[in-house]
Amino acid sequence: MGPIDYVVVEFPGNRMTGEGFPLLVDLVDRGIIRILDLMFIRKEEDGSVTALEIADLTGDGGLDLAVFEGAHSGLLGQDDLEEAAAAVEPGSSAGLLVYENLWAAPFATALRHGGAQLVASGRLPVQAILASLEAAEAAT
């Protein structure tokens, strides 16, 4: 099994355009990732949170993400939804995605067979990288 990651993506003002979904499907189709869990929530202005039905996120009656229906491994629990909701602004929606990095599975397996152990891991936010690059550029 490859490394497992998660992301919480906020859609301010509940505006989900769907532009990223075909790219997500492409990552799955090409065997780069495997979706383990995909859930959506909406945080109302009063702070209450509701789970959104994955099949019709826009509320137009069309099946927006039917291809992901059933993407539920059980890894996401109520506490995860509450933690994600705490990071989301009122009046917004969010997608919670847990995925396996299939591309890294052979590498991870080889390391484990060789006795290696993962001792640290992390992710650099794109915003932080862009800010650092802009600061470095401004200093030169």
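Refer to the structure above for everything that follows.
In this report, we go over the structure that sits alongside the text. The shown structure was predicted, so the numbers you read here are calculated from the model rather than taken from an experiment.

Examining the packing of aromatic side chains
So, step 1. This model, assessed by the stated rule, comprises 1 aromatic pair.
So, step 2. Here the aromatic rings of Phe21 and Phe40 are separated by 6.2 Å at their centres, their planes lie at 85 degrees, and the arrangement is edge-to-face. Pair noted here: Phe21 is in helix α1 (residues 21–29) and Phe40 is in strand β2 (residues 33–43), with a separation of 19 residues, a long-range link.

A look at unusual backbone geometry
So, step 1. Unusually for a residue other than glycine, Asn14 sits at a positive phi of about 60 degrees.
So, step 2. On the secondary structure map, Asn14 appears in the loop between β1 (4–11) and α1.

Things to note about the pairing of strand β3 (residues 49–52)
So, step 1. Bridge count for β2 against β3 is 4 bridges, and the pairing is antiparallel. Across the sheet, Ile41 pairs through a bridge with Ala51, a residue of β3.
So, step 2. The turn linking β2 back onto β3 is made up of 5 residues, and Gly47 within it adopts a positive phi angle of 95 degrees.

About the thresholds
- Residues numbered from 1 in each chain as written.
- Predicted model: local features only at pLDDT ≥ 70, side-chain atom pairs only at ≥ 80, totals over all residues.
- Heavy atoms only, no water.
- Phe/Tyr/Trp six-rings, centres within 6.5 Å; stacked < 30°, edge-to-face > 60°.
- Helix = DSSP H or I, 4+ residues; strand = E, 2+ residues; numbered from the N terminus.
- Pairing = 2+ DSSP bridges.

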